[in-house]
Amino acid sequence: MLLSVENLEVKYGNIQALHGISFNVKEGEIVTLIGANGAGKTTSLYSIARLAPPEAPKVVGGDIRFMGESILNTAPSDVVKNLKLALVPEGRHIFGNLTVMENLELATYSRDKDADLDKDYQRIFDLFPRLAERRKQRSESLSGGEQQMLAVGRALMTGCRALMLDEPSMGLAPVLKYELFRTLKKLNEEGMTLLLVEQNAKLALDIAHRGYVLDTGTIAASGTSEELAGNPEVRKAYLGG
Ligand SMILES: Nc1ncnc2c1ncn2[C@@H]1O[C@H](COP(=O)(O)OP(=O)(O)OP(=O)(O)O)[C@@H](O)[C@H]1O
Ligand SMILES: [Mg+2]
């Protein structure tokens with residue numbers, strides 16, 4: 001198992017956001033966490049990324065294991081550098097006054113000196129040809145969809161083996177959503193493991209192998225994407241009937 005979250009309980013101050021949830025991700029999989037506003041999706045990703053205070057959700061019970069080892073004492077920078085697990089946060093958080101290329105370069109600061117960065121830049125420009133055309137453009141002038149591509153590209157430039165994505169479809173026009181999700185699927189087919197958080201359950205289940213439904217800090221359902229898409233309660237609550 002690449003990642004296992006075991007009976008995880010998380011609080012923000014006195015507010016308990018996760019009530020002992022368990023889920024796991026195998027190498028090579030796309031696993032999705034779906035659920036409504038406030039379900040605890042972002043909290044789950046932030047807990048795994050070990051984000052530093054003051055934003056940090058506090059783990060008060062359970063464990064998070066990566067390749068069998070607990071990572072509760074791992075620094076956020078080591079999650080990226082050593083575990084090679086990168087987060088694409090909701091809202092992208094790219095540097096608008098820097099160019100596309102500069103944003104990508106920034107993500108390489110923790111890479112080994114002998115890493116073949118040219119090959120990695122080329123891979124990102126192959127995945128996202130629009131970024132190649134705009135590599136010298138200031139990022140704030142990109143469209144929302146292009147900014148999301150850049151956020152994914154930047155995470156890939158860390159040299160990660162697994163990506164966590166928080167609501168990548170948010171705010172994108174339908175055609176761009178489909179384009180982005182096709183690219184995510186392609187990335188997975190090339191070997192990248194994905195943990196995908198989405199409110200758009202239909203899009204997520206279309207590309208994921210398995211999924212979990214989060215409901216107010218608990219796991220309400222889990223299964224293969226086919227099972228979840230065929231589950232009447234999931235259909236009613238998240239797939240429009
Ligand atoms: N920084 C914070 N301080 C206090 N409570 C928080 C904080 N962040 C999240 N919460 C609470 O934790 C719970 C889970 O929130 P979380 O952001 O993980 O949900 P989500 O599933 O990502 O929702 P959304 O779909 O709206 O992004 C909510 O009740 C939320 O109000
Ligand atoms: Mg969220």
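Residues numbered from 1 in each chain as written. Chains lettered and ligands numbered in written order. Predicted model: local features only at pLDDT ≥ 70, side-chain atom pairs only at ≥ 80, totals over all residues. Heavy atoms only, no water.

- Identification of the protein as ABC transporter ATP-binding protein from Geothermobacter hydrogeniphilus is taken from an unreviewed UniProt entry.
- UniProt, in the comment section headed Sequence similarities (unreviewed entry), describes the protein in these words: "Belongs to the ABC transporter superfamily." (UniProt positions renumbered as here; feature names shortened; annotations may be inferred.)

Notes on the layout of surface pockets
In this approach, a probe sized like a water molecule rolls over the atoms, and the result shows the empty space that is left.
Turning to step 1, where the next piece is worked out: By volume, the largest pocket is sized at about 700 Å³.
Turning to step 2, where the next piece is worked out: Contributing to the lining of the largest pocket are 25 residues, with Leu51, Val80, Leu87, Pro89 and Arg154 lying nearest its centre.
Turning to step 3, where the next piece is worked out: Those elements that place two or more of their residues in the lining of the largest pocket are helix H1 (41-49), helix H2 (76-81), strand S6 (85-88), helix H3 (100-106) and helix H6 (144-156). (1 Å grid on protein atoms, 1.4 Å probe; cavity = no way out; pocket = protein on both sides within 12 Å on 5 of 7 lines; lining within 4 Å. Points joined across faces, edges and corners; volume = space filled by probe spheres on them. Helix = DSSP H or I, 4+ residues; strand = E, 2+ residues; numbered from the N terminus.)

Examining the packing of aromatic side chains
Turning to step 1, where the next piece is worked out: Applying the stated rule across the entire model yields 1 aromatic pair.
Turning to step 2, where the next piece is worked out: Seen from their ring centres, Phe23 and Tyr212 are 5.7 Å apart, and the 55 degrees between their planes marks the pair as tilted. Highlighted residues: Phe23 in strand S2 (residues 15-25) and Tyr212 in strand S9 (residues 210-215), separated in sequence by 189 residues.
Turning to step 3, where the next piece is worked out: When its relative accessible area of 7% is taken as the criterion, Tyr212 is described as buried.
Turning to step 4, where the next piece is worked out: The ring of Phe125 is capped by Arg135, whose NZ or CZ atom sits 4.2 Å from the centre of that ring. (Phe/Tyr/Trp six-rings, centres within 6.5 Å; stacked < 30°, edge-to-face > 60°. Buried < 20%, exposed > 50% of the residue type's maximum accessible area, 1.4 Å probe, protein only. Lys NZ or Arg CZ within 6 Å of the ring centre and 35° of its normal.)

Regarding the sheet that holds S9
Turning to step 1, where the next piece is worked out: One open sheet holds the 6 strands; their spatial order is S6-S7-S8-S3-S9-S10, and the pairing between them is mixed. Strands with a single pairing partner mark the edges of an open sheet, and in this sheet they are S6 and strand S10 (218-224). The sheet shows a mean angle of 15 degrees between the axes of neighbouring strands, taken without regard to direction.
Turning to step 2, where the next piece is worked out: With 4 bridges joining them, S6 and strand S7 (residues 162-166) adopt parallel strand pairing. Bridging across to S7, Leu85 finds its partner in Ala162.
Turning to step 3, where the next piece is worked out: Packed on one face of the sheet, H6 meets S6 and S7 and runs near 165 degrees to S6. (Pairing = 2+ DSSP bridges. Axes fitted to C-alpha atoms, helices over the stretch in contact; angles between N-to-C directions. Contact = heavy atoms within 4.5 Å.)

Quick notes on the site of ligand 1
Turning to step 1, where the next piece is worked out: In the region of ligand 1, 13 residues are neighbours, and Asn37, Gly38, Lys41, Thr42 and Thr43 sit closest.
Turning to step 2, where the next piece is worked out: Measuring from an oxygen atom of ligand 1, one finds a side-chain N or O atom of Asn37 at 2.7 Å.
Turning to step 3, where the next piece is worked out: Within the side chain of Gln199, an N or O atom sits 2.9 Å from an oxygen atom of ligand 1.
Turning to step 4, where the next piece is worked out: Bound to the protein, ligand 1 loses 63% of the 640 Å² it would expose on its own.
Turning to step 5, where the next piece is worked out: Top element by residues in the shell around ligand 1 is H1. It accounts for 3 residues.
Turning to step 6, where the next piece is worked out: Across the shell around ligand 1, the residue classes break down as 4 nonpolar, 6 polar and 3 charged. (Near = heavy atom within 4 Å. Polar contact = N/O pair within 3.5 Å; in protein donor to acceptor, adjacent residues only side chain to side chain. Areas by Shrake-Rupley, 256 points an atom, 1.4 Å probe, with all protein chains shown as cover. Nonpolar A, V, L, I, M, F, W, Y, C, P; charged D, E, K, R; others polar.)

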